[in-house]
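Each chain is listed here by its residues.
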Amino acid sequence: MREYGLIGYPLTHSFSQKYFTEKFLREGIVDAVFHAFSIPTVTDVKTVLQNHPALKGFCITIPYKKAILPFLHDSSAAVQQMGACNCVKIEGRKLLGYNTDVVGFENSFIKKLQPNHTKALILGTGGAAAAVEYTLKKLGIGYLSVSRTANKAENIVGYDDLDGTLMQEYTVIINCTPLGTYPKTNDAPGIPYELVTPNHYLFDLVYNPPLTKFLQLGLAKGAAIQNGYEMLVIQAEENWKIWNG
């Protein structure tokens, strides 16, 4: 039996486990199983590998997309460039790192992109944000990262810095934080939603619920919106290709 899995913490809502379990049933794949490994520290990945010698690959979610890097034996150029990995293929005893978030994000993101969407605010600075930064560079879209703690030297502004000038200039806003994820559906990033206009495009990497408060507030101002579900489906299928390539 081939084994695959997801590592992260906490895993209160595993898209990947549900998706792959349903995929195996739908496609008649009877020799594979998908596990959710909720591990309190990234070093626990060693225990997972010891206990599951049939593991062929795993995907990675919050908060280990950056922390997994020291455990990899090799990685793609994209992973090395952005410093984040969300997909590991196991060959023998070697862990090979890839990033399929970039494919999932780009293919979903570009569908609603308009000519005026030339600059973006990236909310958050974690592993998912790294994939978004990588993709925006590829697309030629300028960006500012937004965090609770500003660091101008690293091109990071604080939420309090988001004034009328910045909000008018940066018409794409991408939520790479977990804020708004079920069950805390009343949470939302602290941007000035009163300054959002129909010229804006709000993309939320969160998929559960489908319409987060972040997206609701953007929609109320006439902005284009997109959640993270399609991105997750695309990257899941890319993971499967890598694991079985």
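Scope of this entry: the structure provided in the associated data block. Just so it is clear, the model here is predicted, and its values are computed rather than measured.

## Quick word on the sheet that holds strand S11 (residues 201–204)
If you trace the six strands from one edge of the open sheet to the other, you get S9-S8-S7-S10-S11-S12, paired in parallel fashion. Either end of the sheet is taken by a strand with one partner, and the two such strands are strand S9 (156–158) and strand S12 (224–226). Geometrically, the sheet is characterised by an average inter-axis angle of 25 degrees between neighbouring strands, direction not taken into account. Across four bridges, strand S10 (residues 172–175) lies against S11 in parallel orientation. Considered in S11, the bridge of Ile 173 is made with Leu 202. Lying on the sheet, helix H5 (residues 127–139) is in contact with strand S7 (119–123), strand S8 (142–147) and S10; it crosses S7 at an angle near 170 degrees. Together, S7, S10, S11 and S12 form the strand contacts of helix H7 (residues 213–220), whose direction differs from that of S11 by roughly 165 degrees.

## As for the pairing of strand S3 (residues 55–60)
Most of S3 is tucked away, with five of its six residues classed as buried. Two strands pair when backbone bridges link them, and strand S1 (residues 2–8) and S3 are joined in this way by five bridges, in the parallel orientation. Of the residues in S3, the one forming a bridge with Ile 7 is Ile 60. When S3 meets strand S5 (residues 87–91), the two strands line up antiparallel, connected through three bridges. Within S5, the position partnered with Phe 58 by the bridge is Val 88.

## Overview of the environment of Gly 140
With respect to the secondary-structure elements, Gly 140 resides in the loop between H5 and S8. Along the primary structure Gly 140 and Lys 94 are separated by 46 residues, whereas in three dimensions their C-alpha atoms are 35 Å apart.

## Brief notes about unusual backbone geometry
Going from Tyr 182 to Pro 183, the amide bond is cis rather than trans, its omega being 10 degrees. Structurally, the position occupied by Pro 183 is in the loop between S10 and S11. The omega torsion across Asn 208 and Pro 209 is 10 degrees, close enough to zero to call that bond cis. Turning to its location among the elements, Pro 209 is positioned in the loop between S11 and H7. Within the chain, Asn 155 stands out as a residue other than glycine whose phi angle is a positive 65 degrees. Within the secondary structure layout, Asn 155 lies in the loop between S8 and S9. Residue Asn 155 is classed as partly exposed on the basis of its relative accessible area of 36%.

How each quantity is defined
Residues numbered from 1 in each chain as written. Predicted model: local features only at pLDDT ≥ 70, side-chain atom pairs only at ≥ 80, totals over all residues. Heavy atoms only, no water. Pairing = 2+ DSSP bridges. Helix = DSSP H or I, 4+ residues; strand = E, 2+ residues; numbered from the N terminus. Axes fitted to C-alpha atoms, helices over the stretch in contact; angles between N-to-C directions. Contact = heavy atoms within 4.5 Å. Buried < 20%, exposed > 50% of the residue type's maximum accessible area, 1.4 Å probe, protein only.

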